[in-house]
Amino acid sequence: MADEAKRTRAVRVATYNIHRARGLDGRTRLERIAGVLAAIDADVIALQEVIGASPLKPGQAAELGAALGMGWVMAPTRHLRNALFGNVVLSHFPVKHHQQYDLSWKTCEARLAQRVDLQIGEHGVLHFYNVHLGTALLERRDQAQRLATAVHDRRVVGPKIVLGDFNEWARRLTVDVLAQKLHSIDLSKYLRRKRTYPGFFPMVHLDHIYYEGARVEVDNVWLPQHRLAKMASDHLPLVADLRIRF
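Rules and cut-offs
- Residues numbered from 1 in each chain as written.
- Predicted model: local features only at pLDDT ≥ 70, side-chain atom pairs only at ≥ 80, totals over all residues.
- Heavy atoms only, no water.
- Salt bridge = Lys/Arg side-chain N within 4 Å of Asp/Glu carboxyl O.
- Buried < 20%, exposed > 50% of the residue type's maximum accessible area, 1.4 Å probe, protein only.
- Helix = DSSP H or I, 4+ residues; strand = E, 2+ residues; numbered from the N terminus.
- Phe/Tyr/Trp six-rings, centres within 6.5 Å; stacked < 30°, edge-to-face > 60°.
- Pairing = 2+ DSSP bridges.
- Axes fitted to C-alpha atoms, helices over the stretch in contact; angles between N-to-C directions.
- Contact = heavy atoms within 4.5 Å.
- 1 Å grid on protein atoms, 1.4 Å probe; cavity = no way out; pocket = protein on both sides within 12 Å on 5 of 7 lines; lining within 4 Å.
- Points joined across faces, edges and corners; volume = space filled by probe spheres on them.
- Nonpolar A, V, L, I, M, F, W, Y, C, P; charged D, E, K, R; others polar.

Further remarks concern the pattern of salt bridges. One pass over the full model with this rule turns up 10 salt bridges. Between arginine 115 and aspartate 117 there is a salt bridge, with its nearest N and O atoms 2.8 Å apart. Each member of the pair, arginine 115 as well as aspartate 117, carries the same accessibility label: buried. Glutamate 217 serves as the salt-bridge partner of arginine 243, at 3.1 Å between the closest nitrogen and oxygen. A residue pair is termed long-range when its members are at least 10 positions apart, and arginine 243 in strand β12 (residues 238-245) and glutamate 217 in strand β11 (residues 216-222) qualify at 26 residues. We classify arginine 243 as partly exposed; its relative accessible area is 32%. A residue is classified by how much of its surface remains accessible, and glutamate 217, at 35% relative accessible area, is partly exposed. When salt bridges with common partners are traced through the structure, they connect Arg78, Glu109 and Arg111 into a single cluster.

Considering all chains together, one arrives at two aromatic pairs under this definition. With 6.4 Å between their ring centres and 25 degrees between their planes, tyrosine 101 and tyrosine 129 make a pair best called stacked. Of this pair, tyrosine 101 sits in strand β5 (residues 95-102) while tyrosine 129 sits in strand β7 (residues 124-132); the two residues are 28 residues apart in sequence, bridging distant segments of the chain. Here tyrosine 101 falls in the buried class, since its relative accessible area comes to 16%. For the ring pair phenylalanine 166 and tyrosine 210, a centre distance of 5.3 Å and an interplane angle of 65 degrees mean the geometry is edge-to-face. Taken as a pair, phenylalanine 166 in the loop between β8 (160-165) and α5 (173-179) and tyrosine 210 in strand β10 (residues 207-212) lie far apart in primary sequence, 44 residues in all. Of the residues examined, phenylalanine 166 reaches a relative accessible area of 1% and is grouped as buried.

What the six strands build is an open sheet, ordered β3-β4-β2-β1-β12-β11; its pairing is mixed. Each having just a single partner strand, β3 (71-80) and β11 make up the two edges of the open sheet. The average angle at which neighbouring strand axes cross in this sheet is 20 degrees, direction not considered. Sheet topology note: the strand β1 (residues 8-17)/β12 ladder contains eight bridges and is antiparallel. Looking across to β12, one finds that threonine 8 is bridged to arginine 245. Strands in contact with helix α2 (residues 30-40) are β1, β2 (44-51), β4 (83-91), β11 and β12; relative to β1, the strand with the most contacts, it is inclined by about 160 degrees. Here helix α3 (residues 60-68) sits on the sheet and contacts β2, β3 and β4; the angle it forms with β2, its principal contact strand, is near 145 degrees.

This paragraph deals with unusual backbone geometry. Positive phi, normally seen in glycine, also occurs at aspartate 41, with a value near 60 degrees. Position of aspartate 41 relative to the elements: it lies in the loop between α2 and β2. Phi is positive for glutamate 49, close to 60 degrees, though the residue is something other than glycine. Structurally, the position occupied by glutamate 49 is in strand β2.

Moving on to the layout of surface pockets. Within this model, the largest pocket holds a volume of roughly 410 Å³. Lining the largest pocket are 18 residues, and of these Ile51, Gly52, Ser54, Lys57 and Ala83 sit closest to its centre. Among the residues making up the lining of the largest pocket, the classes are represented as seven nonpolar, six polar and five charged.

So, in structure tokens, the structure goes:
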């Protein structure tokens, strides 16, 4: 038991679609996003809809990383005007490896899954997948199947966390496909209200956290409900406190 305790690490993770830092008041203020994330105090954060570097600016990822004292790695899906645009992982842990999985479908907007392998002290490596799926039903179903296959790759050994904006509005096809190979965190066990979109008056549950294997245990899941979190983006952050055994 003592050896097992030594191999277990508490890790706080979060997923947050920051909507280019444009809040529900129509104003783009990255400092509000930084304030929300600072209050969460997560070890690793998956962000979606982030504006990256351009010829004139370092980008939101670099600014958030500097504000929070976290390293970061970006997986751009496309360009927004003259800037990169896509997913970002912020981390207090060193990044050992970064990989992207193309999930684009037909003529729909380009999509991908971002995998970041993190060195968790002397414990081992955590595989962290940041996802932003499409808005069309058939698109998401295809993307969910490809995502589940990528995550279930047995050549990638160790605990795996999969989280992000799954854009699942009503029918649960995406959730059901992923649940065949991954464990879904049941938010109803921890939250009276589990909806994350839109931020000020959430109506639907778009953001999810999954994991693979028996090495991950869930201590708590929560949604920041203060006014800043409700206004800073069109999504609320979803936060989970996990215990991971290596």
